[in-house]
Amino acid sequence: MMIERSDVTCGVTLSVSSVTPPAAGFSGSVKATANTPDYKWTAVSNASWIEITSATAFTGSGTVEYKVALNSSVNSRTGTITLGDKIFT
């Protein structure tokens with residue numbers, strides 16, 4: 001028998017919600033702390049110039065490492081990585 005708890009919120013909490021990398025490119029990481037140890041989540045980039053360089057599937061908490069490519073344009077750009085139920089900009 002499975003008992004569901006309504007007092008537990010599934011999802012993750014991010015160590016930071018955004019960064020502003022330099023135009024020359026950037027490597028960084030963001031830690032996602034799961035609200036429950038068995039919460040399964042993935043990390044997905046929405047931009048071809050943001051590469052996830054670590055694992056992309058997690059159970060519980062995890063750290064996602066990423067690399068932002070050089071921006072050779074004079075225009076700024078914004079991209080995101082979705083980590084479970086949160087968006088990192």
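Whatever comes next refers back to the structure up there.
Let me sum up the structure you'll find in this document. (Residues numbered from 1 in each chain as written. Predicted model: local features only at pLDDT ≥ 70, side-chain atom pairs only at ≥ 80, totals over all residues. Heavy atoms only, no water.)

1. Considerations on the nonpolar core
If you look at soluble globular proteins, the nonpolar side chains tend to sit buried side by side.
Part 1 of the argument: Of all hydrophobic cores here, the largest spans 18 residues; its most connected members are Val-12, Leu-14, Trp-41, Val-64, Ile-81, Leu-83 and Phe-88.
Part 2 of the argument: Contributing elements (two or more residues each) for this core: strand S1 (12–14), strand S2 (26–34), strand S3 (40–45), strand S4 (50–52), strand S6 (62–68) and strand S7 (81–83).
Part 3 of the argument: Dropping the residues within four chain positions of it, Leu-14 is found in contact with Val-30, Lys-31, Ala-32, Leu-83, Lys-86, Ile-87 and Phe-88. (Core = buried A, V, L, I, M, F, W, Y, C linked by side-chain atoms within 4.5 Å. Buried < 20%, exposed > 50% of the residue type's maximum accessible area, 1.4 Å probe, protein only. Helix = DSSP H or I, 4+ residues; strand = E, 2+ residues; numbered from the N terminus. Contact = heavy atoms within 4.5 Å.)

2. Side note on the pattern of salt bridges
Part 1 of the argument: Considering all chains together, one arrives at one salt bridge under this definition.
Part 2 of the argument: Among the ionic pairs, Asp-85 bridges to Lys-86, the shortest N-O distance being 3.4 Å.
Part 3 of the argument: We classify Asp-85 as partly exposed; its relative accessible area is 42%. (Salt bridge = Lys/Arg side-chain N within 4 Å of Asp/Glu carboxyl O.)

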